[in-house]
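Residues per chain are reported as follows:
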Amino acid sequence: MPPASSGASVTHAAALTPSSPPTDPAAPADTRLNPGGPGYRRMSFALFLAGVATFALLYSTQALLPLVSADFGVSASSASWTVSAATGALALFVLPLSALSERFGRRTLMTLSLTVAVVVGLLVPFAPSIGALIALRAVQGAALAGLPASAMAFLAEEVRPKALVAAIGMFVAGNSIGGMSGRIITGWVAQAWGWRVAVGVVGVVAVLCALAFRALLPAPRHFTAGSLNPKALGRTIRSHLSNPLLCRLYAIGALFMTVFGAVYTVIGYRLTEAPFSLPQGIIGSIFLVYLVGTVSSAAAGKLVTRLGRRGALYLAVSTTAGGLLLSLSESLAMVLLGLVLITAGFFAGHAVASSSVSRTATAGRAQASALYQSAYYLGSSAGGTLGAVAFHAGGWAGTVGLGLLAVLGVVSLTVWGSHAARVQEREQRRRGLVAAH
């Protein structure tokens, strides 16, 4: 995958003048945030907390699916819809909400989205039926759709390009912490008081994160409101979907998330069965492996510097595939090691792909990020549902088989991107030689 352009967003490009030599005292300073500069830490921590709340709420029922199945008397496939409905609704609503962020502002939309999501989160424990629970989770997912794309567009506008991968890595790290803490909390609370109290506790934690997020996030300095023009929006979306690099990145994000969604939707069922037969609290604690994802996503920038974007993706996909194969073992230690590798590979791959989208799109960044998020969460929804179906049909080996197919898809797309880059480079050299003569 060729390095992407890091051109400035159209929302603030007009505010920046061409660079002058450093010795020119009249040269305008780049006022975007940079590591070590004022406001950067507050911004990073605010978006980190937004990531924590988003993933804690979005996957609050995932570790509890066996208990949900038992409470409502439904199968794993039916219970998995409490996760898939949330991620699917997020995928459907992320694009229209990103358009609203272009008009009303990233910070405003992120605040509203978190507010609605936490209110619904406090209602989820009182769902009287599996249908009501799935409906509430769908509403919650739709509300959370205002977070991911708006957060990435905010970073692309407010952070200097060289720091963008690291900044997005911190947001993704917040996702991993939220996913981990939500599952650990729900696991132990559910073991003592049931799944309803467990998801209620997650809702309260998300409320605290939302309040801190709003208090800490600095006001945007490089955002210019646009108009809600459906025709212009359609042109922007068509432009992004006609970009082969962006389409490959969207597909890569979806396939990575298919693996992750399948594995973590089904793993609770596998670990409650023989030969493991683990209690709910221990199963929840297994999600401590998310800490590995925190490290790998935050380190994505260094991986790209050393290996390039394609090299970092190859490393991520190899790590994920190795983890899937190890998880087939009947040894709990080997299964845990497999989960560690799957988690590390997934979060590194996601950070690289998502940051590449932000760098590639020089116009309509919110829509570019929204399309990525749509593909990403559709992958999660598909992975959760298909993973449960595969588990029902073929046990854990069926789920692993699904994951390996998705991994093969990532490899194929990355190889295709490498080939396309070489062809483009040869064509550019040929044109240069023709022009020289």
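Since this is a predicted model, take the numbers as computed values, not measurements.

Visitor: Please explain the overall build of the protein chain as it appears in this structure.
Guide: Scanning the protein chain from terminus to terminus reveals 16 helices and 0 strands. A total of 437 residues make up the protein chain; the buried ones form 55% of that total. Residue pairs in contact within the protein chain that sit at least 24 positions apart in sequence constitute 84% of those at least 6 positions apart. For the protein chain, the computed accessible surface area is about 17200 Å², with 68% contributed by carbon and sulfur atoms.

Visitor: I'm lost on a nonpolar patch on the surface in this one. Help?
Guide: Judged by side-chain polarity, Leu122, Val204, Leu208 and Leu211 come together as a nonpolar surface patch covering roughly 380 Å² of accessible area. At 3 residues, the largest contribution of residues to the nonpolar patch is made by helix H9 (residues 195-216). Take leucine 208: it is sitting in helix H9. Owing to a relative accessible area of 55%, leucine 208 belongs among the exposed residues under this scheme.

Visitor: Honestly, the packing of helix H11 (residues 244-272) against helix H14 (residues 300-326) in this entry has me stumped. Any pointers?
Guide: Two quantities define a packed helix pair, namely the angle between the helix axes and the distance between the axes. Contact geometry for H11 and H14: axes closest at 12 Å, N-to-C directions at 20°. One finds that H11 runs roughly parallel with respect to H14. By crossing handedness, the relation of H11 to H14 is classed as left-handed. Along the contact surface, H11 presents Ile252, Phe256, Val259 and Val263, while H14 presents Leu313, Ala316, Val317, Thr320 and Leu324.

Visitor: In this structure, what is going on with helix H1 (residues 40-58)? I would like to understand it.
Guide: The periodicity of an α-helix, 3.6 residues per turn, causes residues three or four positions apart to be oriented the same way. End to end, H1 covers 27 Å across 19 residues, agreeing with the expected 27 Å (1.5 Å per residue, within 8%). Among the 19 residues that make up H1, 16 are buried, leaving the element largely enclosed by the rest of the structure.

Visitor: When you look at the side chain of serine 150 in this model, what are you seeing that I'm missing?
Guide: Assignment of secondary structure puts serine 150 in helix H7 (residues 148-158). Every residue in contact with serine 150, bar those within four places of it in the chain, is listed here: Ser101, Arg106, Leu109 and Met110.

Visitor: Which parts of the structure should I look at to understand the side chain of threonine 385?
Guide: Checked against the element boundaries, threonine 385 lands in helix H16 (residues 365-436). In this structure threonine 385 touches Ser80, Trp81 and Ser84, once residues within four positions along its chain are discounted.

Visitor: Help me understand the pattern of salt bridges, please; the structure alone is not making it clear to me.
Guide: Two side chains bearing opposite charge may form a pair once their charged atoms approach each other closely. For the structure shown, the criterion picks out 2 salt bridges. Ionic pairing is found between arginine 270 and glutamate 330, a salt bridge with its closest N-O pair at 3.5 Å. With arginine 270 in helix H11 and glutamate 330 in the loop between H14 and helix H15 (332-360), the pair connects residues that are 60 residues apart, well separated along the chain. Here glutamate 330 falls in the exposed class, since its relative accessible area comes to 52%.

Visitor: Sorry, what's going on with the packing of aromatic side chains here?
Guide: What describes a pair of aromatic rings is the distance from one ring centre to the other and the angle between the planes of the rings. Overall, the coordinates contain 10 aromatic pairs when judged by the stated rule. On the basis of an interplanar angle of 75° and a centroid distance of 5.5 Å, the ring pair of phenylalanine 260 and phenylalanine 347 is categorised as edge-to-face. With a gap of 87 residues between them, phenylalanine 260 in helix H11 and phenylalanine 347 in helix H15 connect regions that are remote in the sequence. A residue is classified by how much of its surface remains accessible, and phenylalanine 260, at 3% relative accessible area, is buried. For phenylalanine 347, a relative accessible area of 0% puts it in the buried group. Taking NZ or CZ as reference, arginine 248 lies 5.6 Å from the ring centre of tryptophan 416, over its face.

Visitor: What is the right way to read the environment of leucine 155 from this model?
Guide: Counting through the fold element by element, leucine 155 comes out in helix H7. With relative accessibility at 0%, the residue leucine 155 sits in the buried group. Residues leucine 155 and alanine 167, spaced 12 residues apart in sequence, show a C-alpha to C-alpha distance of 7.1 Å. Leucine 155 has contacts with Met43, Leu47, Leu164, Ala167 and Ile168, leaving out every residue within four places of it along the chain.

Visitor: Looking at this structure, how should I read the nonpolar core?
Guide: Membership of the largest hydrophobic core comes to 123 residues, with the highest contact counts inside it found for Leu47, Tyr264 and Tyr377. Ranked by residues supplied to this core, first place goes to H11 with 16 residues. Apart from residues lying up to four places away in sequence, tyrosine 264 is in contact with Gln62, Phe287, Val289, Tyr290, Leu339 and Thr343.

Criteria and thresholds
Residues numbered from 1 in each chain as written. Predicted model: local features only at pLDDT ≥ 70, side-chain atom pairs only at ≥ 80, totals over all residues. Heavy atoms only, no water. Helix = DSSP H or I, 4+ residues; strand = E, 2+ residues; numbered from the N terminus. Buried < 20%, exposed > 50% of the residue type's maximum accessible area, 1.4 Å probe, protein only. Contact = heavy atoms within 4.5 Å. Areas by Shrake-Rupley, 256 points an atom, 1.4 Å probe, with all protein chains shown as cover. Patch = residues over 30% accessible without salt bridge, like charges linked within 9 Å, V, L, I, M, F, W, Y side chains within 5 Å. Salt bridge = Lys/Arg side-chain N within 4 Å of Asp/Glu carboxyl O. Axes fitted to C-alpha atoms, helices over the stretch in contact; angles between N-to-C directions. Parallel < 35°, antiparallel > 145°, perpendicular 65-115°, else oblique. Left-handed = near helix turned anticlockwise from the far one by under 90°. Expected span 1.5 Å × (residues − 1). Phe/Tyr/Trp six-rings, centres within 6.5 Å; stacked < 30°, edge-to-face > 60°. Lys NZ or Arg CZ within 6 Å of the ring centre and 35° of its normal. Core = buried A, V, L, I, M, F, W, Y, C linked by side-chain atoms within 4.5 Å.

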